There are 2 protein chains.
Amino acid sequence: MLIGEYEHSLDAKGRLIMPAKLREDLGEKFIITKGLDGCLFGFSQTEWTNFEEKLKTLPLTNKNARDFVRFFLSGATECEIDKQGRFLIASNLREYAGMEKEIAIIGVGTRIEIWNKEKWKKYNSDENISADEIAENMTMLGI
Amino acid sequence: MLIGEYEHSLDAKGRLIMPAKLREDLGEKFIITKGLDGCLFGFSQTEWTNFEEKLKTLPLTNKNARDFVRFFLSGATECEIDKQGRFLIASNLREYAGMEKEIAIIGVGTRIEIWNKEKWKKYNSDENISADEIAENMTMLGI
DNA sequence: ATGTTCATATTCACCGATAAGCACTTTGTT
DNA sequence: AACAAAGTGCTTATCGGTGAATATGAACAT
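Procedures and definitions
Residues numbered from 1 in each chain as written. Chains lettered and ligands numbered in written order. Predicted model: local features only at pLDDT ≥ 70, side-chain atom pairs only at ≥ 80, totals over all residues. Heavy atoms only, no water. Near = heavy atom within 4 Å. Polar contact = N/O pair within 3.5 Å; in protein donor to acceptor, adjacent residues only side chain to side chain. Helix = DSSP H or I, 4+ residues; strand = E, 2+ residues; numbered from the N terminus. Nonpolar A, V, L, I, M, F, W, Y, C, P; charged D, E, K, R; others polar. Pairing = 2+ DSSP bridges. Axes fitted to C-alpha atoms, helices over the stretch in contact; angles between N-to-C directions. Contact = heavy atoms within 4.5 Å. Buried < 20%, exposed > 50% of the residue type's maximum accessible area, 1.4 Å probe, protein only. Buried area = accessible area lost by both parts, 1.4 Å probe. Salt bridge = Lys/Arg side-chain N within 4 Å of Asp/Glu carboxyl O. Least-squares fit on C-alpha atoms with pLDDT ≥ 70 in both.

The environment of DNA strand D is formed by 13 residues, the closest being K13(A), R15(A), Q84(A), K13(B) and K83(B). Between DNA strand D and R15(B), the relevant distance is 2.8 Å, taken from a base oxygen to a side-chain nitrogen or oxygen of the residue. Measuring from a phosphate oxygen of DNA strand D, one finds a side-chain N or O atom of K83(B) at 2.5 Å. Within the residue set of the surface near DNA strand D, elements represented by two or more residues are β6 (86-88) of chain A together with β6 (86-88) of chain B. Of the residues assigned to the surface near DNA strand D, the class counts are two nonpolar, two polar and nine charged.

Okay, the sheet that holds strand β3 (residues 29-34) of chain A next. Residue and element names in this part refer to chain A. If you trace the six strands from one edge of the open sheet to the other, you get β1-β7-β8-β4-β3-β5, paired in antiparallel fashion. The strands lining the two open edges of the sheet, one partner per strand, are β1 (2-9) and β5 (77-80). With strand direction ignored, the average angle separating the axes of adjacent strands in the sheet is 25°. Strand direction decides the pairing type here: β3 and β5, joined by four bridges, are antiparallel. Its bridge partner being in β5, K29 is matched across the sheet by E80. Contacts from helix α5 (residues 117-125) reach β1, β7 (102-109) and β8 (112-116), with the element oriented near 105° to β8.

Now for the protein's contact with DNA strand C. Taken together, 19 residues form the shell around DNA strand C, and within it H8(A), A20(A), R23(A), H8(B) and R23(B) come nearest. In DNA strand C, the atoms that sit within 4 Å of the protein are 87% sugar and phosphate, with bases accounting for the remainder. Here a phosphate oxygen of DNA strand C sits 3.4 Å away from a polar atom, N or O, in the side chain of S9(A). For the surface near DNA strand C, the secondary-structure elements that each account for two or more residues are β1 and α1 (20-26) of chain A together with β1 (2-9), β2 (15-17) and α1 (20-26) of chain B.

The next point concerns the pairing of strand β3 (residues 29-34) of chain B. Residues and elements named next belong to chain B. The buried count for β3 comes to five of six residues, which makes it a mostly enclosed element. Where β3 and strand β4 (residues 40-44) come together, five bridges link them in antiparallel fashion. What sits directly across from I31, in β4, is F43. Taking the residues between adjacent antiparallel strands as the criterion, β3 and β4 are bridged by five residues, where D37 takes a positive phi near 60°.

What follows is about the sheet that holds strand β5 (residues 77-80) of chain B. All names here are of chain B. Spatially, β1-β7-β8-β4-β3-β5 is the arrangement adopted by the six strands of the open sheet, whose pairing is antiparallel. Since the sheet does not close on itself, it has two edges, and those belong to β1 and β5, each with one partner. Averaged over neighbouring strand pairs, the angle between their axes works out to 25° when direction is ignored. Along the sheet, helix α5 (residues 117-125) contacts β1, β7 (102-109) and β8 (111-116); its crossing angle with β8, the most-contacted strand, is approximately 105°.

Time to look at the interface of chain A and chain B. Chain A puts 31 residues into the contact, and the matching count from chain B is 27 residues. At the boundary of chain A with chain B, total buried surface from both sides reaches about 2,500 Å², with 68% on carbon and sulfur atoms. On inspection of chain A and its partner chain B, the count reaches four salt bridges. Where E5(A) meets K34(B), a salt bridge forms, and the shortest distance between an N and an O atom there is 4.0 Å.

The next thing to look at is unusual backbone geometry. The phi torsion of most residues other than glycine is negative, and most of the peptide bonds are trans. In this model, D37(A) sits at a positive phi of 65°, which is unusual for a non-glycine residue. Counting through the fold element by element, D37(A) comes out in the loop between β3 and β4 (40-44).

This next bit is on the relation of the copies chain A and chain B. Taken as rigid bodies, chain A and chain B are interconverted by a rotation of 25° and an axial shift of 12 Å, the fit giving an RMSD of 1.4 Å. A share of only 13% of interface residues in chain A that are also interface residues in chain B marks the association as one of differing surfaces.

Here it is as structure tokens:
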């Protein structure tokens, strides 16, 4: 299970350290693609095929569905973690997610998300999430 | 059943002693996450995996669901109690809960809560918590 | 009261993960 | 061929996490 929040920085060539705690769950090779809310998604190989399967079930007759599928598949890249624990983020994805130097990587269960750190902070400070809402959701989920 | 109130202090590296009485119920490994009212929650593994399963079922396409999942999973860390009964609190969680040195740990049935001691005192002394009021609200819940 | 044991606190030393800089290779362009 | 740009790999320094050792203090038994 991918969890936690980590802050790291891109090196001059656009490489990023994969936090040690995420490495084991994600595997040597994994997939990153454009994500929602302005971040990038990263999937382990098994989770990716899982995700692909879901996309395949969408009706091709629906324009919305076609767009959705294109969005995720066109942006996908396979990444490999090098001996020093780093991986390269393709330049088009870097651009898409507005990445400069400071990066936040978060684990979200079945995937990781890679954020421009500023964006992530802002996202968190926004009242996206009120305590009441959280409490309500928690009781709904029975915790 | 996790009960009681304990006061301890963080060491220089951000580690905290888990009160002996909570250890047996919580287990060697447990999960801490961002909690409500500015504290941290700690769950036993069984409580947590239960919760995780439910989070996994939430739809990726729903923004609210994404927000909720991000809040909990990005804020979660697995902790392990060392031979001396201590565990490390990740720095982002320490920051979130405003932890300095003096800490209060309390048992709340299915989970523990970890508080900055000052905050905890204040929270208790505030008029938001009078026993009478609480009692009154309880009757509404049918106790 | 005294000694024994267990829980907690504090300090130090070590090791691994990460940051940063640089050099080399490959590829594509002029 | 020469150069620029992008990608890959190595080396070093630093910092945070981890474990060990010791000190303090409370609870309990004799």
